[in-house]
Amino acid sequence: MGILGAEDSIRMELEELRRMLVACAGLQRRKDGEEFKGVRVSTKGTDADDGQKLVCVTSGVSYLGLAIVKKLLLRGYSVRIIVESEEDINKLREMESSGEMGTRNNNVSVVKAKMTEIESLLEAFEGCRGVFHTSAFIDPAGLSGYTKSMAEIEVKASETVMTACARTPSVRKCVLTSSLLACIWKDNSQCDLSSVINHGCWSDEALCKDKKLWYALGKLRAEKVAWRIAKETRLKLATICPGLITGPEFCHRSPMATIAYLKGAQEMYANGLLATVDVNKLAGAEVCVFEAMDNNAAGRYLCFDEVIERGEAEKLAGEVGMPTNKICGDESGDVEARFQLSNEKLSRLMRRTLRHCYSEC
């Protein structure tokens, strides 16, 4: 198993944190039979939101994007969601009407913008205090759901989003969702490799290209360009590197991203580097890091709650609809992993946040 933090189970700790944050927020749940007020739609990012707690979420209708939006609403933020199509706007309206958005306040707005057009993003970010860049580009025609061209588009989008953040006076900080894949792919023939994979580790670009790991390459390059721009412009940035994102109906709601992540699964499994994270726990961690950035939280954070072993591999294979040996090879039992994953940096931050929340409640 990987290093899951100083506590016996980071999973239980994150769940307790989630409950406490909800309690501290003094939430008022949606009343039965309450009328639907609708999601506000803007052509520009100049609607009348609460500027003190207004944040923007890119790809807010994605599996992770929606989870982050819900967490932000629970914390009392006004949220501006970026979408690129009318179809996405209609999807949000349906979710709000059904109560799935989890808020009775009219504090969600939607703006149409393109991730690769700077002027479009400058308008979308206007007035926002922070940005969550969660956008991932999936090619339905790609064999693995994510092609080399998609990697190039993702890098361009990351560059444009970071530039827009830096050029928007109101934006004070940004949280970018990268991937654990940007940390774990290394040339194992090197004898001086550390056995611990943590927030200081980076994947090898040449290796990713040789193995045609386009999803890993896209995340790696997108994160690197984000850090370059942040340093050049002094934009306050934090990046989250999650494992395979799972949760309720993850295979149905995020099928191609799941398949793209699992390319190279056998090697990840054999090395003890195939890890998962629940989408709601990831969203909670992203909001936690965002808020902690006001108190000098910065840098990269690995986020996972389970390192896959044989039993979990069989379950995962069944959920994604692939043969078990495509994940764990022909091994009949657990293998001795060469590497260990460490999310201790995030674990420490979450523990501090939990203690702070207890002290305020």
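Residues numbered from 1 in each chain as written. Predicted model: local features only at pLDDT ≥ 70, side-chain atom pairs only at ≥ 80, totals over all residues. Heavy atoms only, no water.

**Some thoughts on the pairing of strand β2 (residues 54-58)**
Link 1 in the chain: With respect to burial, β2 is a largely interior element, five of its five residues being buried.
Link 2 in the chain: Burial along β2 is two-sided: the face carrying L54, C56 and T58 and the face carrying V55 and V57 are both buried.
Link 3 in the chain: Bridge count between β2 and strand β3 (residues 78-83): five bridges; the pairing is parallel. Each residue of the ladder has a partner; that of L54, found in β3, is S78.
Link 4 in the chain: Sheet topology note: the β2/strand β5 (residues 130-133) ladder contains three bridges and is parallel. In the sheet register, V57 faces β5, and the bridge partner there is F132. (Buried < 20%, exposed > 50% of the residue type's maximum accessible area, 1.4 Å probe, protein only. Helix = DSSP H or I, 4+ residues; strand = E, 2+ residues; numbered from the N terminus. Pairing = 2+ DSSP bridges.)

**Describing the packing of aromatic side chains**
For any pair of aromatic rings, the description consists of the separation of the ring centres together with the inter-plane angle of the planes.
Link 1 in the chain: Evaluation of the coordinates by the stated rule reveals four aromatic pairs.
Link 2 in the chain: Considering the side-chain rings of Y77 and F290, the 6.1 Å spacing of their centres and the 70 degrees angle between planes classify their relative orientation as edge-to-face. Of this pair, Y77 sits in the loop between α2 (63-74) and β3 while F290 sits in helix α12 (residues 279-292); the two residues are 213 residues apart in sequence, bridging distant segments of the chain.
Link 3 in the chain: Considering the side-chain rings of Y215 and Y261, the 6.4 Å spacing of their centres and the 65 degrees angle between planes classify their relative orientation as edge-to-face. With Y215 in helix α8 (residues 214-233) and Y261 in helix α10 (residues 255-261), this residue pair connects regions lying 46 residues apart in the sequence. The two residues Y215 and Y261 agree in class, both being buried.
Link 4 in the chain: Joined through ring pairs, the aromatic side chains of Y77, F132 and F290 make up one cluster.
Link 5 in the chain: Across the ring face of W202, the terminal group of R300 is positioned such that the distance to the ring centre comes to 3.5 Å. (Phe/Tyr/Trp six-rings, centres within 6.5 Å; stacked < 30°, edge-to-face > 60°. Lys NZ or Arg CZ within 6 Å of the ring centre and 35° of its normal.)

**Some words on α12**
An α-helix turns once per 3.6 residues; consequently, residues spaced three or four apart project the same way.
Link 1 in the chain: Given a rise of 1.5 Å per residue, 14 residues ought to cover 20 Å, and the 20 Å separating the end C-alpha atoms of α12 matches this to within 8%.
Link 2 in the chain: Across the 14 residues of α12, 13 count as buried, placing the element largely inside the fold. (Expected span 1.5 Å × (residues − 1).)

**Re the confidence of the model for the protein**
Link 1 in the chain: On average, residues of the protein score 81 in pLDDT, and 76% of them reach the 70 mark or higher.
Link 2 in the chain: Low confidence marks residues 1-39, where pLDDT is under 50. Its contacts with residues over four positions away, or in another chain, come to 73 contacts.
Link 3 in the chain: In the model, residues 43-49 has pLDDT below 50 throughout and makes 22 contacts with residues more than four positions away in sequence or in other chains. (pLDDT = per-residue confidence, 0-100. Contact = heavy atoms within 4.5 Å.)

**Brief notes about the environment of R167**
Link 1 in the chain: With respect to the helices, strands and loops of the structure, R167 is situated in helix α5 (residues 148-167).
Link 2 in the chain: Counting along the chain gives 68 residues from R167 to L235, while the straight-line C-alpha distance between them is 9.4 Å.
Link 3 in the chain: Beyond its immediate stretch of four places on either side in the chain, R167 contacts I118, E119 and L122.

**So, helix α13 (residues 310-320)**
Link 1 in the chain: If you check which residues of α13 are buried, you get R310, A313, L316, A317 and V320. Buried residues in α13, looked at end-on, bunch into an arc of 115 degrees, giving them a common side. Turned more than 90 degrees away from the buried face of α13 sit K315 and G318, all of them exposed.
Link 2 in the chain: Packing partners of the buried residues in α13 comprise β9 (244-246), α9 (250-253), α10, α11 (265-270) and α14 (325-328).
Link 3 in the chain: Of the residues trailing α13, G321 is marked for its positive phi of about 75 degrees. (Arc of directions from axis to C-beta.)

**A few points about unusual backbone geometry**
Link 1 in the chain: You will see that K212, though not glycine, has its phi angle at about 55 degrees, which is positive.
Link 2 in the chain: Its location among the elements puts K212 in the loop between α7 (205-210) and α8.
Link 3 in the chain: Phi at N296 is positive, roughly 75 degrees, even though this residue is not glycine.
Link 4 in the chain: Take N296: its relative accessible area is 73%, and that puts it in the exposed class.

**Regarding the packing of helix α4 (residues 118-125) against α5**
Link 1 in the chain: α5 packs onto α4 with a crossing angle of 50 degrees between their chain directions and a minimal axis gap of 9 Å. As summarised for this structure, α4 and α5 are arranged oblique, according to the angle between their axes. Between α4 and α5 the crossing geometry is right-handed. On the side of α4, the interface is formed by I118, E119, L121, L122 and F125, while α5 contributes T160, V161, T163, A164, C165 and R167.
Link 2 in the chain: Among the residues forming the contact of α4 with α5, the class breakdown is seven nonpolar, two polar and two charged. (Axes fitted to C-alpha atoms, helices over the stretch in contact; angles between N-to-C directions. Parallel < 35°, antiparallel > 145°, perpendicular 65-115°, else oblique. Left-handed = near helix turned anticlockwise from the far one by under 90°. Nonpolar A, V, L, I, M, F, W, Y, C, P; charged D, E, K, R; others polar.)

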